[in-house]
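Spelled out, the chains give:
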Amino acid sequence: MFADYSMPELMSIFAMQGFAGLSLFSIFVLMALGLAIIFGQMGVINMAHGEFMILGAYTTYLTAGLFENVMPGLYGIYFFVAMFLAFIASALLGMLVEWLMIRHLYHRPLDTLLATWGLSLILQQAYRSIFGAREVGVSLPDWMMGSIAVTDLVEIPINGLIVMVVTLVIATLVYLLMFRSGWGRQVRAVVQNRPMAEAVGIDTGKVDRITFALGCGIAGVAGAAFTMIGSTGPTSGQLYIVDTFLVVVFGGAQSLLGTIASAFTISQAQSTMEFFLSGSMAKVLTLLVVVGILMLRPQGLFALKVRR
Amino acid sequence: MSTSRDFILTVEGLTVSFDGFKAVNDLSLYLEHNEIRVIIGPNGAGKTTVLDLICGKTRATDGAIRFKGQDLTRMKEHQIVRSGVGRKFQNPSIYDDLTVFENLEVSYPRGRSVMGALAFRRDQQVIDAVHEVAETIFLADQLDRRADLLSHGQKQWLEIGMLLIQEPDLLMLDEPVAGMSVAERKKTAELLKVITRNHTVLVIEHDMQFVGDIADRVTVMHQGQVLSEGSLAHVKADPKVVEVYLGH
Amino acid sequence: MKTTPSASSLMSRENLYFLVLAALLLLVFPVLLDAFRLNLVGKYLTYAFVAVGLVLCWGKGGILSLGQGVFFGLGGYCMAMFLKLEASSPEATASQSTPGIPDFMDWNQVTELPWFWQPFHSFSFTLIAVVMVPVILALIIGVAMFKRRVGGVYFAIITQAIAAILTILIIGQQGFTGGANGITDLRTLMGWDIRGNEAKTVLYFVTAGLLLACVLLARHVLGSKLGRILVAMRDQEDRVRFSGYDVASFKVFVFCLAAALSGIGGALFTLQVGFMSPSFVGIVPSIEMVIFCAVGGRHSLLGAVYGALLVNAAKTGFSESFPELWLYAMGALFIAVVLAFPNGIAGLYQRYLMPLEKKILGGLGKAARTPSTAPARQMEETP
């Protein structure tokens, strides 16, 4: 399949597709970070994670509308406000869901899967009732449009670049929060030994709620980023949920770095193959390889060997 | 110790490391037929890991485990069980949703393949075997009860019974009297005495009174290695053992 | 939760419930419902095959598969391929640029029947494939995963990914599979027109009869020692392993059995509905099949049948009158069945109606202990 292209052409195809893959990578990372926190740290399968992302996307859409109509002069910075609001909206909903539903199911992971699937159906229909079935999009402010030409053949879109930067910042923040802060220590303590954590005075219920809310909030940020590279519909989130779960499992559920590495691998593989094969075959091939590898190495790529 | 004697189980140079931490380090152990051996040692000495290694739950990094001439390190868990090694876990692990009878029946060593289990019939032979074992483990009048309704001590006995019905040559028991009342402990000690008439038994235990009641020989483990071995009186007098238990 | 009265009374009660179901499916529905409704019920019953399989592998064995739609779809596609070939005889397709191949292939510039379609000219091959294709895939997945001790949520996610893969593949390979529209316009089975009302009624009885047979088969499996090993495995996997059982092979067996049941259901679906498409294969239908089973009661074979009937009847009812409310109802059902009544209808029946039933039976005394009163009770339970 490479024979039709010259060498420099191939290189620039890889570069461009690689960059296109980086946008996908960013969404994967942000979605997967939230999911990895919820699944890896709490053992909860959140099938509604895509809908939390879409909540962030709709929040961004509303914020953009607000800026456009009320303070058009400030439209250039709406995105950063929207990102913050998206985080808050998804985190609040997450907190509510944890309180109403998840906390009753901590010892039944398969049941959280079914219950959150139900939640996702309800949220999808709610979005459809509120925002309509048609997809909505935001118009980017001028400074985010256009692209930077790196060479004659390679151009990098600015919005993609911004999404990348946002992803890197969020990933760093999550890392610092989980591994360098007192709160992160509490979360990990609860994961490793809940009764002991309770005994030393950690309010495990509160830790659970905030952890879940944080994971959902990050999904909200993913939604904000998502508006920059695609349009938003009620079921857009569902399209990503299986891929994201594979990313998390592939990376080894306990490891944040593994999650990022696996998001990178999967998104790059898919995006590069997409250029040469049809989109659906690229996806089939990617998923097949991931599933195949998971069958050979079920603990994921970055899991530690421990006494079972 | 040489291998010329007729050992049922020989463990030599056994080592396992978890991420560089050697939970069991170059351990050797020799069990004679029908002997009761007790492993004691402080927490974290690697006692449970030794049982895990013998029954295949954990794979050894290095070393050999030979049982009746077979190399256990290469066999799968169910093959090891079928070769005659029975293992009781620290927490009683029985099937709560099944009756005592069914618990024992599921453990009966026939129909262990998928097709065998489908074709399995509860014939007189099975019923007799279940009743016989139930008698031994003091549960003859509890056969129709659901297992989760048993007391903690009865659950421990049931699990021992589930091993007995398999007629293993080597029984490995991880803290069989933990959480039992004094009366239950006495009964369990009697039970073990009966069992060892035709089984070799390897026990992990903390209760020194109980150890004194049952043990032929005692192996003291510390930091993954054998610290001392011999009669209970012998190891109690061993200065190294005293150091580990009383020192620091 | 299982109560264990003496074995003989348990057997007779189970037999009684089974007879009630048989009477409902073979007598009550055909008498009360018109041909259109009966055909709908027949369609729901094909999902009950999947639900019964899920009771075996999820309820009893603790293995949650979110990919049962894959096996349902494979069974359905096998049947559809046979029917499509029969509908694509050279005479019937003379106007195509390549006569004798299915119409969608012709539209997609495929000029030769692909190799994997060839054997589906044979009906006996098709019947074998309906069961064996799902079983072989389940065997591959099962051996790969269970031998490596993958279970629980990992297994669920991977089966879901497989459902996604198969859907994308079917839609993407339009020329070979009919794409998103599926394989449509199926007409005759060995010359017998399957589109008329009469044929649909016959197919309904075939479906109901096969379903009852499958329930009996499943009951036989659960009644054997294998059934007790499944339950034991779900609760104490290590204990079973260290009692000398190769745990993985039992899991593979029950997963394959569930796949076979789903495949049969899928084939009957194709026959009754007259087409097969990827919308019965993917993630969403697969997880809905789990909810049929959960609503009925994940531990109860008969409950699974009632669950499939009820949820689907509700779905049809809602989509006819309030389509926009259906997703809310379905979502709420998922949450309620997990939070409020995890043992489904069967659990509710056992908790609330069984004591009542016992009271009535007890009041009537031993002499009157004939089945005559109990079916009436059971009927109220079922819609």
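Residues numbered from 1 in each chain as written. Chains lettered and ligands numbered in written order. Predicted model: local features only at pLDDT ≥ 70, side-chain atom pairs only at ≥ 80, totals over all residues. Heavy atoms only, no water.

Undergrad: Explain the overall build of chain B to me, please; I cannot follow it from the model alone.
TA: Across its full length, chain B carries ten helices and ten strands. Computed over C-alpha atoms, the radius of gyration of chain B comes to 18 Å, within 12% of the 18 Å expected from 2.2 N^0.38 for 248 residues, which places it in the range of a compact globule. Considered along the principal axes of its C-alpha atoms, chain B spans approximately 55 × 40 × 35 Å. The buried share of chain B, reckoned over its 248 residues, is 58%. Of the accessible surface of chain B, which amounts to about 10,600 Å², a share of 48% is contributed by carbon and sulfur atoms. Of note, chain B has its 28 positive side-chain charges centred 2 Å away from the centre of its 35 negative side-chain charges. (Helix = DSSP H or I, 4+ residues; strand = E, 2+ residues; numbered from the N terminus. Rg over C-alpha atoms; globule rule 2.2 N^0.38 Å. Buried < 20%, exposed > 50% of the residue type's maximum accessible area, 1.4 Å probe, protein only. Areas by Shrake-Rupley, 256 points an atom, 1.4 Å probe, with all protein chains shown as cover. Lys, Arg positive; Asp, Glu negative; His and termini not counted. Charge placed at Lys NZ, Arg CZ, Asp CG, Glu CD.)

Undergrad: What should I look at first to understand the state of the cysteines in this one?
TA: Among covalent bonds in proteins, the disulfide is the one between the sulfur atoms of two cysteines. Residues and elements named next belong to chain C. Evaluated as defined, the whole model comprises zero disulfides over all chains. Free of any disulfide, cysteine 214 has its nearest cysteine sulfur in cysteine 57, 15 Å distant. Looking at cysteine 214, the relative accessible area reads 9%, which means it is buried. (Disulfide = S-S within 2.5 Å.)

Undergrad: Help me understand the pattern of salt bridges in this model?
TA: Residues and elements named next belong to chain C. The full count for this structure, using the stated rule, is 34 salt bridges over all chains. The shortest N-O distance in the salt bridge between aspartate 193 and arginine 195 comes to 3.0 Å. Here aspartate 193 falls in the partly exposed class, since its relative accessible area comes to 34%. Overall, arginine 195 belongs to the partly exposed group, its relative accessible area being 45%. Note that aspartate 238 is salt-bridged to arginine 241, the shortest N-O span being 3.0 Å. Here aspartate 238 and its partner arginine 241 are both found in helix α10 (residues 237–241), three residues apart, which amounts to about one turn of the helix. (Salt bridge = Lys/Arg side-chain N within 4 Å of Asp/Glu carboxyl O.)

Undergrad: Even after reading the chapter, I still don't get helix α3 (residues 78–100) of chain A, so can you show me in this structure?
TA: All names here are of chain A. Compared with an ideal rise of 1.5 Å per residue, which puts 23 residues at 33 Å, α3 spans 33 Å between its outermost C-alpha atoms and is within 8% of the ideal. Buried within α3 we find Tyr78, Phe79, Ala82, Met83, Ala86, Ser90, Ala91, Gly94, Val97 and Glu98. Among the structural elements, α2 (49–70), α4 (109–131), α5 (158–180) and α8 (204–229) are those in contact with the buried residues of α3. (Expected span 1.5 Å × (residues − 1). Contact = heavy atoms within 4.5 Å.)

Undergrad: Please explain the sheet that holds strand β8 (residues 200–204) of chain B as it appears in this structure.
TA: Hydrogen bonding along the main chain pairs the strands of a sheet, whether they run parallel or antiparallel. Residues and elements named next belong to chain B. Ordered by their spatial adjacency, six strands build an open sheet running β6-β7-β8-β3-β9-β10, and the pairing between neighbours is mixed. In the strand order of this sheet, the two ends are held by β6 (85–88) and β10 (225–230), each with one partner. The average undirected angle you get between the axes of adjacent strands in this sheet is 20°. Sheet analysis places strand β3 (residues 36–40) next to β8, joined by four bridges and oriented parallel. By the bridge assignment, isoleucine 36 is partnered in β8 with valine 201. In the packing of helix α1 (residues 47–55) onto the sheet, contacts are made with β3, β6, β7 (170–174), β8 and β9 (217–222), and the angle to β7 comes to roughly 145°. Along the sheet face, helix α6 (residues 152–164) touches β6 and β7 and points at about 170° away from the line of β6. (Pairing = 2+ DSSP bridges. Axes fitted to C-alpha atoms, helices over the stretch in contact; angles between N-to-C directions.)

Undergrad: Even after reading the chapter, I still don't get the packing of aromatic side chains, so can you show me in this structure?
TA: Residue and element names in this part refer to chain A. All told, the structure shown has 34 aromatic pairs over all chains when counted by the stated rule. For the pair tyrosine 75 and tyrosine 78, a centre-to-centre distance of 4.8 Å together with 20° between the ring planes defines the contact as stacked. Tyrosine 75 sits in the buried class, given a relative accessible area of 12%. What makes tyrosine 78 buried here is its relative accessible area of 0%. (Phe/Tyr/Trp six-rings, centres within 6.5 Å; stacked < 30°, edge-to-face > 60°.)

Undergrad: Sorry, what's going on with the confidence of the model for chain B here?
TA: Interpretation of the predicted coordinates at a detailed level should be avoided for regions scoring low in pLDDT. Averaged over all residues, the pLDDT of chain B equals 87, while 97% of them reach at least 70. Averaged pLDDT values for the elements of chain B fall to 80 in helix α10 (residues 239–246) of chain B and rise to 93 in helix α3 (residues 100–107) of chain B. (pLDDT = per-residue confidence, 0-100.)

Undergrad: Help me understand the sheet that holds strand β2 (residues 21–32) of chain B in this model?
TA: All names here are of chain B. Taken in spatial order, the four strands make up an open sheet running β2-β1-β4-β5, and their pairing is antiparallel. At either end of the open sheet lies a strand with only one pairing partner, and these are β2 and β5 (70–71). As paired strands, strand β4 (residues 62–67) and β5 are joined by two bridges and run antiparallel to one another. Along β5, the bridge assignment pairs phenylalanine 67 with glutamine 70.

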